[in-house]
Amino acid sequence: QKDLFANNYDIKVTTGVKYKILPKSLSNDDIAGITITGIQSTYTYTGTAIKPRPIITYTSNLYGDSLALAENTNFKVSYKYYDESSKEYKDATSDNELINVGNYKIIITGEVNYTGTVEMEYEISSYVASFATSISNNYKTFNNKNQMAQVQVTGADKVLTEGVDYKIVYYTDT
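The model shown is predicted, which means the values in this text are computed figures rather than measured ones.

Caption draft 1: Spatial organisation of the pattern of salt bridges. Summed over all chains, the structure comprises five salt bridges. Notably, a salt bridge pairs Glu 84 with Lys 87, separated by 3.2 Å at the nearest N-O pair. According to the relative accessible area criterion, Lys 87 is exposed, its value standing at 54%.

Following this line, the structure appears as structure tokens:
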């Protein structure tokens, strides 16, 4: 039978032997047959919590069939963030601790038919925006008054606001 679960089973054989089916280990030391995908090593800063969701598959050596494991049924996920002041990883207790540029860990813990823990590191890196400017009315006729060009700056998929997102400094080339 393919649907074997970790538990004690009485298997009737002529010798009357009892067999115990043990949970499959998810630990970093014994991960044979387990494939974990969906976790990148680097994510770009978005301003919101970055919580990668693992996709875990178990391929049985006995049958060669693959089984997709279900979060909160076969495994649980938690996160840690690297605290610069203490120089150690700490448990993330809210999404606010998973936003900023820095180093993080995802911890996958086996449940029910799976046991052990896998830790994977990921990083949130800075967002690098490219900006475009448009200047209207570059050339002005001298009139003995301050004259400034109209400037519009766009970047990060939005029009930026002068004095909030950027500052304009005028200078002469003389």
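Additional details are given in the paragraphs that follow.
Caption draft 2: Representation of unusual backbone geometry within the structure. A positive phi angle is found at Asn 72, which is not glycine, with a value near 70 degrees. One can find Asn 72 in the loop between strand E7 (66–68) and strand E8 (75–83). Accessibility expressed as a relative area gives 55% for Asn 72, which makes it exposed. The residue Val 112 is not glycine, and still its phi comes out positive at about 55 degrees. Mapped onto the secondary structure, Val 112 falls in the loop between strand E10 (102–110) and strand E11 (114–115). A residue is classified by how much of its surface remains accessible, and Val 112, at 62% relative accessible area, is exposed.

Caption draft 3: Structural context of the environment of Ser 25. Here Ser 25 lies in strand E3 (residues 24–25). Ser 25 sits in the buried class, given a relative accessible area of 13%. The sequence separation of Ser 25 and Thr 109 amounts to 84 residues, and the corresponding C-alpha distance is 9.7 Å.

Caption draft 4: Broad picture of the pairing of strand E4 (residues 34–37). By the alternation rule, side chains of E4 split into Ile 34 and Ile 36, which are all buried, and Thr 35 and Thr 37, of which none is buried. Of the strand pairs in this sheet, E4 and strand E6 (residues 55–59) are connected by four bridges, and their pairing is antiparallel. Directly across from Thr 37, in E6, lies its bridge partner Ile 55.

How each quantity is defined
- Residues numbered from 1 in each chain as written.
- Predicted model: local features only at pLDDT ≥ 70, side-chain atom pairs only at ≥ 80, totals over all residues.
- Heavy atoms only, no water.
- Salt bridge = Lys/Arg side-chain N within 4 Å of Asp/Glu carboxyl O.
- Buried < 20%, exposed > 50% of the residue type's maximum accessible area, 1.4 Å probe, protein only.
- Helix = DSSP H or I, 4+ residues; strand = E, 2+ residues; numbered from the N terminus.
- Pairing = 2+ DSSP bridges.

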